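Chain residues, written in single-letter form:
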Amino acid sequence: MADRESLRERVSALAPWFHNIDLGQGIVTAPEHFLGDYPATKFGEFGACLPTDLSGMTVLDIGCNAGFYSMEMKRRGAARVLGIDWDERYLAQARLAADALGYADSVEFRRLSVYDVAALGERFDLVIFMGVLYHLRHPLLALDLIREHVARDLMLFQTMQQGSTEVGEVPEDHPFYLPGTWTPPSYFDDATYPKMHFIEKRFAGDWTNWWAPNRAGSEAMLRAAGFAIEAHPQNDVYLCRVAPVPYAEWGPAAVYPSKGGMPA
Ligand SMILES: C[S@@+](CC[C@H](N)C(=O)[O-])C[C@H]1O[C@@H](n2cnc3c(N)ncnc32)[C@H](O)[C@@H]1O
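Residues numbered from 1 in each chain as written. Predicted model: local features only at pLDDT ≥ 70, side-chain atom pairs only at ≥ 80, totals over all residues. Heavy atoms only, no water.

Novice: Now, about the pattern of salt bridges: what can you tell me, with residues and values included?
Specialist: All told, the structure shown has 13 salt bridges when counted by the stated rule. Across the pair Glu5 and Arg8 runs a salt bridge whose closest N-O atoms are separated by 2.6 Å. Taken as a pair, Glu5 and Arg8 lie in helix α1 (residues 2-13) at a separation of three residues, close to a single helical turn. We note a salt bridge from Glu72 to Arg75, for which the minimum N-O separation is 2.6 Å. Separated by three residues within a single helix, Glu72 and Arg75 lie in helix α3 (residues 68-75), roughly one turn from each other. Overall, Arg75 belongs to the partly exposed group, its relative accessible area being 46%. (Salt bridge = Lys/Arg side-chain N within 4 Å of Asp/Glu carboxyl O. Helix = DSSP H or I, 4+ residues; strand = E, 2+ residues; numbered from the N terminus. Buried < 20%, exposed > 50% of the residue type's maximum accessible area, 1.4 Å probe, protein only.)

Novice: I'd like a description of the site of the ligand, backed by residues and values.
Specialist: Every one of the 18 residues lining the ligand counts as a neighbour, but His19, Gly63, Asp85, Val114 and Met130 are closest to it. Within the side chain of Asn65, an N or O atom sits 3.0 Å from an oxygen atom of the ligand. In the environment of the ligand, a nitrogen atom lies 2.7 Å from a nitrogen or oxygen atom belonging to the backbone of Met130. Against a free-state accessible area of 600 Å², the protein chains account for coverage of 89% of the ligand. (Near = heavy atom within 4 Å. Polar contact = N/O pair within 3.5 Å; in protein donor to acceptor, adjacent residues only side chain to side chain. Areas by Shrake-Rupley, 256 points an atom, 1.4 Å probe, with all protein chains shown as cover.)

Novice: Any chance you could break down the sheet that holds strand β4 (residues 124-130) for me, citing the residues and the numbers?
Specialist: Spatially, seven strands are ordered β3-β2-β1-β4-β5-β9-β8 in an open sheet, and the strand pairing comes out mixed. Each having just a single partner strand, β3 (107-111) and β8 (227-234) make up the two edges of the open sheet. Looking at each pair of strands side by side, their axes are set apart by 20° on average, direction ignored. Both strand β2 (residues 80-85) and β3 contribute to a ladder of five bridges, which runs parallel. By the bridge assignment, Ile84 is partnered in β3 with Arg110. Along the sheet, α3 contacts β1 (58-62), β2, β3 and β4; its crossing angle with β2, the most-contacted strand, is approximately 175°. (Pairing = 2+ DSSP bridges. Axes fitted to C-alpha atoms, helices over the stretch in contact; angles between N-to-C directions. Contact = heavy atoms within 4.5 Å.)

Structure (structure tokens):
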């Protein structure tokens, strides 16, 4: 019983938790979560899009928070799981949860920003990039860096989205004016055109939110960074596979700012 009490105290010392994780012994980390049993309920709705057996696969969980997805991937048999996050408070939660659930030696958590993934010097079979993009000031840079440095095959991606869930047709080339007129095309104002809504102030009281793409915007950015969408199991969740980077023939600098400079 003493163990249970000490675990309960360690959990509450690290509150508030964004991940509600069942640590056993009747202890859950965020029983009052505003989204309910989160993210277990969400994972239950889209988790079938991932292989049930990850044996032999390596997983990088970017923005791992308290490690819910990292530990789920280990449960599915992944050979190696690394969770990275920028925030030490969340990493402390992840280490405590992993310890309580017996994953302390098999799931690694490290402080690292998505902007620094090149430092890992390693590619992973599955990259999880859930719930981070809209918190970044430079979201396309993050996708480019993931594609360039750490993604080998699959990427599980989620973003907050706003606006239309329809995806409109976009021309191969945008004219300044409609043919034979001085009128610019009006489709930029269509709700189904790929868009990123900039959030200058707070979103739901949270100043760490910067962007909210519509569905067409999410899909276009994924493609532009060199990811093909294989499955779309939920409105805001995409399973992607590494694909050739479009525009690569313009030179690496056109696509990867990390390589510096503008294309000649
Ligand atoms: C909304 S939570 C999502 C957590 C988890 N991936 C999920 O989907 O439930 C966003 C997480 O991204 C982390 N984060 C924000 N900016 C980051 C960055 N530049 N690099 C790595 N992690 C970051 C935050 O610390 C937080 O843990």
